[in-house]
Amino acid sequence: MTDATATPGPALQGPALQGPAPKPGILDIAPYVGGKSSIAGVAEPIKLSSNENMLGAGEKARAAYEAAVRNIHVYPDGRATKLRDAVAELHGLEPERLIFGNGSDEVFALLNQTYLTAGDNIVCGQYGFLAYRISALGCEAQVKLAPEPDFKAEVDALLAQVDDRTKIVYVSNPSNPTGSYNTGEEIRRLHAALPAHVILVVDEAYAEYVTEADWETSFPLAREAQNIVVTRTFSKIHGLGGLRIGFGYAPVAVAEAIDRIRLPFNVSVPGLEAATAALSDTAHQEASRELITTWKPRLTQALRGFGLNVLPSAGNFVLVLFDDAERAAAANDYLNGKGVIVRPVGGYGLPQGLRITIGTEDQNRAVIDALSEFAAT
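Residues numbered from 1 in each chain as written. Predicted model: local features only at pLDDT ≥ 70, side-chain atom pairs only at ≥ 80, totals over all residues. Heavy atoms only, no water.

Trainee: Sorry, what's going on with the nonpolar core here?
Mentor: When a protein is soluble and globular, its nonpolar side chains tend to lie buried together. By size, the foremost hydrophobic cluster in this structure holds 40 residues, and its most contacted members are Leu83, Leu200 and Phe234. Examining the composition of this core, we find that five residues originate from one element, helix 9 (residues 269–279), more than from any other. Setting aside chain neighbours within four positions, we find leucine 200 in contact with Val169, Val171, Ile187, Leu190, His191, Leu194, Asn227, Ile228 and Val229. (Core = buried A, V, L, I, M, F, W, Y, C linked by side-chain atoms within 4.5 Å. Buried < 20%, exposed > 50% of the residue type's maximum accessible area, 1.4 Å probe, protein only. Helix = DSSP H or I, 4+ residues; strand = E, 2+ residues; numbered from the N terminus. Contact = heavy atoms within 4.5 Å.)

Structure representation (structure tokens):
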């Protein structure tokens, strides 16, 4: 039994509290902050802050997850063979060229760990996904940002940042948080102008939501190249954000190099089973797409009708730009007061912006009603 009256030992003093120092630069990295998920005093807020699928996971994925419970005492297949074969068959890809990770975030981190050394650099758009930068900085590499004056990655601006120490160029297509996208022709032009030693990573996390006619997946381009990696995730249209599954399609040499440092069981048994089932759930995918194609234009039109600047978006979200950071913060507070959570994007250099995930009809109407009231203030 513990002696509740025991006198505690002496408190640690000075340097002993600090522990070992991390390598240079680690403490200078701003940690990633995910979308807010709660509001004090609100039992069930409307969470539109993380670009999740507001229909949730599909029936097939949920059933596979539940069935996997009987096998959670067993280590997962380190090669993700079942999921590997399903992804390869669906997209017409060579299975040996696939990399699976704990979300596509881990694929980015593995690429950075494999190819970056101190003094190297990555290039990405000014408003590109923060995960690219965080793991690159952790490798003691530099991050070079290409200007996006129109809130879109520009080929010439990206190329202007490339130098002899550039190892990876990242392009979000579509891009989070702006919603912009690059055409197939633009991606091909970017790749053709890159030196052979530079890997082009095309992040297609929102690919399944795109309806724009001139957007193209980069899988065919990557098949014929030795320096392109295309990534996808199960967190968006498949609704498996909580299970953390993503993959990359890479040249064999890149995939084999990454396998040397990838942790052997980086994707869980339930995750592998649910992701495999999700690929075949076309009904859920179609319903998820229909929700976005129906409500994204309606939400955009309504908010623009209130005088708000809503950027065009190829994803399952929209970015609303206010006159300044103060007005955006006030709008965010007003939405929170109505029980609605959206995403401030000051961390992306857009303090005047709020990113809003497209939700269900009731959720979207709640956003419209709240911002209608706010715009009148």
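Trainee: Which parts of the structure should I look at to understand helix 12 (residues 361–375)?
Mentor: Each α-helix winds once per 3.6 residues, and so residues spaced three or four apart point in a common direction. For helix 12, which comprises 15 residues, the first-to-last C-alpha distance of 21 Å matches the rise-based estimate of 21 Å (1.5 Å per residue) to within 8%. Turning to helix 12, its buried residues number three or more, namely Gln363, Asn364, Val367, Ile368, Ala370, Leu371 and Phe374. Check the buried side of helix 12 and you find it contacts strand 1 (46–47), helix 10 (282–305), helix 11 (325–337), strand 11 (340–341) and strand 13 (350–357). (Expected span 1.5 Å × (residues − 1).)

Trainee: What is the right way to read the sheet that holds strand 13 from this model?
Mentor: Through backbone hydrogen bonds, the strands of a sheet pair up, either in parallel or in antiparallel fashion. Spatially, four strands are ordered 9-10-13-12 in an open sheet, and the strand pairing comes out antiparallel. The two strands at the open ends of the sheet, each matched to only one other strand, are strand 9 (309–310) and strand 12 (343–345). Bridge count between strand 10 (residues 317–321) and strand 13: five bridges; the pairing is antiparallel. Across the sheet, valine 320 pairs through a bridge with leucine 354, a residue of strand 13. Each of strand 9, strand 10 and strand 13 touches helix 10; the most contacted strand, strand 10, lies at about 10° to it. Each of strand 12 and strand 13 touches helix 11; the most contacted strand, strand 13, lies at about 30° to it. (Pairing = 2+ DSSP bridges. Axes fitted to C-alpha atoms, helices over the stretch in contact; angles between N-to-C directions.)

Trainee: Even after reading the chapter, I still don't get the packing of helix 1 (residues 59–68) against helix 9, so can you show me in this structure?
Mentor: With their axes 8 Å apart at the nearest point, helix 1 and helix 9 run at an angle of 150° to one another. The orientation of helix 1 with respect to helix 9, classified from their angle, is roughly antiparallel. In this structure, helix 1 meets helix 9 at a crossing whose hand is right-handed. Every residue of helix 9 that contacts helix 1 at Lys60, Ala61, Ala64, Tyr65 and Ala68 is listed here: Val269, Pro270, Glu273, Ala274, Ala277 and Ala278. (Parallel < 35°, antiparallel > 145°, perpendicular 65-115°, else oblique. Left-handed = near helix turned anticlockwise from the far one by under 90°.)

Trainee: I keep staring at the pattern of salt bridges and nothing clicks. Help me out?
Mentor: Oppositely charged side chains can form a pair if their charged atoms are brought close together. Under the criterion given, the structure shown has 17 salt bridges. Its salt-bridge partner being lysine 47, residue glutamate 52 comes within 3.0 Å of it at the nearest N-O pair. Since its relative accessible area comes to 34%, glutamate 52 is described here as partly exposed. A relative accessible area of 18% places lysine 47 in the buried class. (Salt bridge = Lys/Arg side-chain N within 4 Å of Asp/Glu carboxyl O.)

Trainee: Can you help me understand the sheet that holds strand 4 (residues 142–146) in this one?
Mentor: Spatial strand order, 2-8-7-6-5-3-4: seven strands in an open sheet with mixed pairing. Whereas interior strands pair on both sides, the edge strands pair on one side only; in this sheet they are strand 2 (98–101) and strand 4. Neighbour-to-neighbour, the strand axes of the sheet open up by a mean angle of 20°, direction not taken into account. Relative to strand 5 (residues 166–172), strand 3 (residues 121–125) is paired through four bridges, and the arrangement is parallel. Its bridge partner lying in strand 5, isoleucine 122 is registered against isoleucine 168. Across the sheet, helix 6 (residues 184–193) is in contact with strand 5, strand 6 (199–203) and strand 7 (228–233); its angle to strand 6 comes to roughly 160°.

Trainee: Is there a simple way to think about empty space enclosed by the protein in this case?
Mentor: Taking a probe equal in size to a water molecule and rolling it over the atoms shows the remaining empty space. Applying the stated rule across the entire model yields one cavity of 30 Å³ or more. Reported here for the largest cavity is a volume of approximately 60 Å³. What lines the largest cavity is simply Cys124, Gly125, Gly128, Tyr132, Glu148, Ala153, Tyr170, Val171, Ser172, Ser175, Ser180 and Asn182. Elements with a contribution of two residues or more to the lining of the largest cavity: strand 3 and strand 5. Among the elements that take part in the lining of the largest cavity, strand 5 stands out by supplying three residues, more than any other. Of the residues assigned to the lining of the largest cavity, the class counts are five nonpolar, six polar and one charged. (1 Å grid on protein atoms, 1.4 Å probe; cavity = no way out; pocket = protein on both sides within 12 Å on 5 of 7 lines; lining within 4 Å. Points joined across faces, edges and corners; volume = space filled by probe spheres on them. Nonpolar A, V, L, I, M, F, W, Y, C, P; charged D, E, K, R; others polar.)

Trainee: Explain the layout of surface pockets to me, please; I cannot follow it from the model alone.
Mentor: Within this model, the largest pocket holds a volume of roughly 460 Å³. As for the largest pocket, its lining consists of 25 residues, and the residues nearest its centre are Tyr32, Ser50, Phe129, Ser235 and Lys236. For the lining of the largest pocket, the leading source of residues is helix 3 (residues 104–115), giving three residues. Of the residues belonging to the lining of the largest pocket, the class tally is six nonpolar, 12 polar and seven charged. In this structure, the second largest pocket spans a volume of roughly 350 Å³. Along its surface, the second largest pocket is lined by 20 residues, and Pro31, Val33, Leu130, Arg343 and Gly347 are the ones closest to its centre. Counting only elements with at least two residues in the lining of the second largest pocket, the list comes to helix 4 (130–138) and strand 12. The element contributing the most residues to the lining of the second largest pocket is helix 4, with four residues.

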